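Structural characterization, general
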Amino acid sequence: MYGYNGFVLLVDLKKERCDTISLSQEILRKYIGGTGLAAWLLYQHCPEGIDPYHPDNPLIFCTSPLVGTQLTTSSKFAVATKSPLTGFIGDSMSSSFLATELKATGFDAVVIKGAAEKWKFISVSENGVRFYEGSDLLGLTTSETESHLKSELGEDHRIACIGPAGENLVRFATISNDGGRQAGRTGTGAVMGSKKLKAISFRGSSVVDSAEEEALRVRRKVLSRKSIGKATEKYRNMGTMANTAVFNRLGSLPSLNFRKGSIKNIDEFSGESIHKQTKVKKAHCANCTIGCEKLVEIPNSDGQRTRLEYQSAFALGPLVGLSDRESMLKDTHFCDEMGIDTISAGVTIAWYLECVEKDLVKDDEIGKRGTKTVSDLLQKIVFRTGVGDKLAEGTAKASESIAKEGRSFAMHVKGLEMPGYEPRALKSMALALAVSTRGACHNRSSAYEHDFSESGNRFEASFDKGAVVADGEDYSAVMDSLIWCKFVRKVFDDFYSESAEVINEITGWNMTADELRKCGERINNLKKLFNIREGWERKDDTLPERILTEPLDNGAQLSGSELGMMIRSYYQARGWTEEGYIPQSKCDELGLHGLSEINWSKVG
Amino acid sequence: MDDHINLTVEFYGTSRQAADTSQLNIEIPSDNSVLWSDITTTLLEKLPGLAGKVIEVGSGCLVSSYAINLNGRHFINQEKTAFKDGDVLIIVPSMAGG
């Protein structure tokens, strides 16, 4: 077999045993790798209807055929589990050396089930798994955990770990790897914490051969050269922080808990200003020629740096009403060290602050602490003290337990907090956020591209947006399964054709562009099947009440009926029923048979 | 009769780095509206850093990794748009995630 190891490692934390299962060519060709293969493994290994914190909820780490090829941006991996925020599929991706090390252990994926009785860390290699006592790691931050284990096991080990937030089952806890990169969304770190698993080390030396090494050598060279052209200039120079000022100018920067679409003091948070006024160091993931990462020096911190992305700056700056850069940078650093998703943290705090402002909740400390208000709340969330214990449950659950009157402005979809794209000013994105299988997700549809282009009217809710979002989701599913970094996509002249050529050079298959496109559709339908199995209903595809009832300060608005029309257009584009279920004929067309436990009465 | 129109061009992201300014007000001879091709000479004259990085030398086209938003509303095809007095052209890197 080329391009894959062909094996999955199954780890049972309770019994401290492991097993291997083989992966057939048929499954690999259907689901590819990354989030696609991880979704298939999740469907197979997650018992129907279990609580996300049940020991049997699998935590899956999955590589892809591109991992190990040294193609630019190919060192990425996916994590999947049943999300403790949504109760639906939770998948997240991260990058760098861990991906290649995982694949070098001789496995394409690792499925972890069970829960340890006492805190553990495990080491995965070609020999399987070793289980270690992990209690002495408790309380360590993500960077401390990584450096501690590297000093103990060797610098060549790659570590995935949780911080104190994951230990304390903060529902939006992340899994951290390679110096602070995060599998950030949907609470995968909380599931890891529920298994009493503090860290995983990967170390291996297996080499996976590709079918056409010479062709790949040329491909590497060409793609690397193209990847440092104008198509990626934005990411190389300024990173995702380039979004902040533009979004603000276009009234699509969610601010003050989505009450406004722009702020006045944007220079505090814009990439343009930060790059001009602050020391910024550029960084790369393994095998990446782009280098989008920007490590920003935190003022008054003895040279400490934090990895800054647009989503963190938006969520811990304008969204929570913070007006100074220094606090935002410190809070971002704190979240990464503690292992929590900056988006979910910011949205949850923004909601709470509005509740206090509207006297729905009494909290005498808010207001007295000034710029430290947000950092105090982050501290309380991570360690579950005071109101932080409830906020650690995420916006959806917190709004039920703290202030039900605040549910209309609890900014989440299906339990996952909203990212920094204002739906009322970006209608394709509005639809994508409403229907995404993992909740309010900005990374699985690329729908904003349509809003930010001359071909789409970003203020108009129109019936054509269903096909735009469905196509974008399928495209993204292919990217996330091969796995390419999203930031390399503009480098391709014909994405599907060129990607099919690449996968054929790696695997020796004869895949066509159309077959690859079909893989994307299959993967999205599989994710939806999982959600349907776990209780998805039509009402779950929606947006927060605030979005559907309150016009934005710049006049942009979106009504419930407009969203309903776009959702119908999406279901139609997908070939689903009017209620959003998948007909058996569609499953047959996509080859979605042979899945364990499909309950057809629930499907459509 | 005034035979000039006034336009504002705003720069964001890497276009601001190339322009070395956040915005520029320009005055173009016209009694009604102007096309992109009428603006580029003035832009390149006043902000030579745009040449090759944001505006293609020779063709005057916008480099493909940039887009233009008009007045904070819609993104436009610069070749098919007639710009009127008071318009604000917002030049941004093409959006692709983050």
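The structure displayed is predicted, hence computed values, not measured ones. (Residues numbered from 1 in each chain as written. Chains lettered and ligands numbered in written order. Predicted model: local features only at pLDDT ≥ 70, side-chain atom pairs only at ≥ 80, totals over all residues. Heavy atoms only, no water.)

1. Here's the deal with the overall build of chain A
For clarity, the threshold we go by: Numbered from the N terminus, helices here are DSSP runs of H or I no shorter than four residues, and strands are runs of E no shorter than two. Here the globule rule reads 2.2 Å times residues to the power 0.38, and the radius of gyration is calculated from C-alpha atoms. Only protein chains enter the accessibility calculation, which uses a 1.4 Å probe. A residue is then buried if its area is under 20% of the maximum for its type, exposed if over 50%, and partly exposed in between. Contact between two residues is taken to exist if any of their heavy atoms lie within 4.5 Å; hydrogens are not considered. Computed with a 1.4 Å probe, the accessible areas rest on the Shrake-Rupley method; for each residue, only the protein chains presented here act as cover.
The secondary structure content of chain A amounts to 25 helices and 17 strands. Against the globule reference of 25 Å for 604 residues, chain A gives a C-alpha radius of gyration of 22 Å, in line with a compact fold. On the principal axes, the C-alpha backbone points of chain A span a range of 60 × 55 × 50 Å. Here chain A holds 604 residues, and the buried ones make up 66% of them. If you take every contact in chain A between residues at least 6 apart in sequence, the share linking residues at least 24 apart comes to 71%. Accessible area of chain A: about 20,000 Å², with a carbon and sulfur share of 47%.

2. So, the overall build of chain B
Counted only if it meets this: All tallies of charge rest on Lys and Arg as positive and Asp and Glu as negative; His and the ends of each chain are not included. Each charge is placed at NZ for Lys, CZ for Arg, CG for Asp and CD for Glu.
When helices and strands are counted, chain B shows two helices and seven strands. When the helices and strands of chain B are placed in sequence order, the string is β-α-β-β-α-β-β-β-β. Counting only C-alpha atoms and orienting by the principal axes, one finds that chain B spans roughly 45 × 25 × 25 Å. Going through the 98 residues of chain B one by one, you find that 54% of them count as buried. Across chain B, the fraction of contacts at a sequence separation of at least 24, relative to all contacts at a separation of at least 6, is 52%. Summed over all atoms, the accessible surface of chain B reaches about 4,400 Å², with 45% contributed by carbon and sulfur. Within chain B, one finds 6 positive and 12 negative side-chain charges whose respective centroids are separated by 10 Å.

3. Quick word on the sheet that holds strand β6 (residues 109-113) of chain A
Residue and element names in this part refer to chain A. Rule in force here: When DSSP finds at least two bridges between two strands, those strands are taken to pair. Lines fitted to C-alpha atoms define the axes here, with helix axes fitted over just the stretch in contact, and angles between the N-to-C directions of these axes take values from 0 to 180 degrees.
Spatial strand order, β2-β1-β6-β3-β4-β5: six strands in an open sheet with mixed pairing. This sheet does not close on itself; its edge strands, each paired only once, are β2 (17-22) and β5 (89-95). Recorded for the sheet is a direction-independent mean angle of 20° between the axes of neighbouring strands. Both strand β3 (residues 59-62) and strand β4 (residues 76-82) contribute to a ladder of three bridges, which runs antiparallel. Paired with Ile60 across the strands is Ala80, a residue of β4. Contacting β1 (7-12), β2, β3, β4, β5 and β6, helix α2 (residues 34-45) crosses the sheet at an angle of about 150° to β3.

4. Quick look at the packing of helix α12 (residues 325-338) of chain A against helix α14 (residues 372-383) of chain A
Residues and elements named next belong to chain A. So the rule is basically this: Note that the term roughly parallel is reserved for angles under 35 degrees, roughly antiparallel for angles over 145, roughly perpendicular for angles of 65 to 115, and oblique for everything else. Side-chain classes are defined by residue name, with Ala, Val, Leu, Ile, Met, Phe, Trp, Tyr, Cys and Pro counting as nonpolar, Asp, Glu, Lys and Arg as charged, and the others, Gly among them, as polar.
The contact between α12 and α14 brings their axes to 10 Å, and the two run at 10°. The pairing of α12 with α14 is recorded here as roughly parallel in orientation. Contact with α12, carried on its side by Asp331, Phe334, Cys335 and Met338, involves Val374, Ser375, Leu378, Gln379, Val382 and Phe383 of α14 and no other residues of that element. Its residues assigned to classes, the contact of α12 with α14 shows seven nonpolar, two polar and one charged.

5. Re empty space enclosed by the protein
Residue and element names in this part refer to chain A. What counts is decided by this rule: In the cavity and pocket records, a cavity denotes points on a 1 Å grid over the protein atoms alone where a 1.4 Å probe fits but cannot get out, a pocket denotes an open set with protein on both sides within 12 Å along at least 5 of 7 lines, and lining residues are residues with an atom within 4 Å of a point. Grid points are joined across faces, edges and corners, and a volume is the space filled by probe spheres set on the points.
A complete count under the given rule lists five cavities of 30 Å³ or more for this structure. By volume, the largest cavity amounts to about 950 Å³. Forming the walls of the largest cavity are 41 residues, and the residues nearest its centre are Lys76, Met93, Gln182, Glu309 and Asn443. Listed by contribution, the elements that provide at least two residues to the lining of the largest cavity are β5, β11 (181-183), α11 (310-315), α12 and α13 (342-357). The biggest single contributor to the lining of the largest cavity is β5, with four residues. Tallied by class, residues from the lining of the largest cavity come to 12 nonpolar, 17 polar and 12 charged.

6. Considering the domain arrangement of chain A
All names here are of chain A. So the rule is basically this: What fixes the domain bounds is an automatic or database domain assignment. Note on terms: buried area is the combined drop in 1.4 Å-probe accessible area of two parts once they are placed together, counting the loss on both.
Domain parsing of chain A yields domain 1 (7-202), domain 2 (236-385) and domain 3 (423-603). Between the C-alpha centres of domain 1 and domain 2 there is a distance of 27 Å. Residue-level contacts link 30 residues of domain 1 with 23 residues of domain 2. Of the roughly 2,100 Å² buried where domain 1 meets domain 2, counting both sides, 50% is carbon and sulfur surface. Sorting the residues of domain 1 by area buried against domain 2 places Phe172, Arg181 and Arg185 first, and these three jointly supply 27% of that buried surface.

7. Concerning the sheet that holds strand β8 (residues 128-133) of chain A
Residues and elements named next belong to chain A. Spatially, the six strands line up as an open sheet ordered β8-β7-β12-β9-β10-β11, and their pairing is mixed. Where the open sheet ends on each side, the last strands, each with one partner, are β8 and β11. Neighbour-to-neighbour, the strand axes of this sheet turn through a mean angle of 25°, independent of strand direction. In this sheet, strand β10 (residues 175-177) lies alongside strand β9 (residues 158-161) in antiparallel orientation, the contact comprising two bridges. Note on β10: the bridge partner recorded for Cys161 is Ser176. Strands in contact with helix α3 (residues 97-104) are β9, β10 and β12 (197-202); relative to β9, the strand with the most contacts, it is inclined by about 105°.

8. Regarding the packing of aromatic side chains
Put simply, the rule is: For this analysis, a ring pair means two rings from Phe, Tyr or Trp (six-membered ring only for Trp) whose centres lie within 6.5 Å, classed as stacked if their planes differ by under 30 degrees, edge-to-face if by over 60, and tilted for the remaining angles. By definition, being over a ring means that NZ of Lys or CZ of Arg is both within 6 Å of the ring centre and within 35 degrees of the ring normal.
Tallied over the entire structure, the rule returns 22 aromatic pairs over all chains. Relative to Phe495 of chain A, the ring of Phe492 of chain A has its centre 5.6 Å away and its plane inclined at 75°; by these criteria the two rings are edge-to-face. As far as burial versus exposure is concerned, Phe492 of chain A and Phe495 of chain A are alike and both buried. Through pairs of rings, three or more aromatic residues link up here, namely Phe247, Tyr310, Phe314, Tyr421, Tyr448 and Phe452 of chain A together with Phe75 of chain B. One cation-aromatic arrangement involves Lys528 of chain A over Trp536 of chain A; the distance from NZ or CZ to the ring centre is 3.8 Å. When the ring centre of Tyr43 of chain A is taken as reference, the NZ or CZ atom of Arg533 of chain A above it lies at 4.6 Å.

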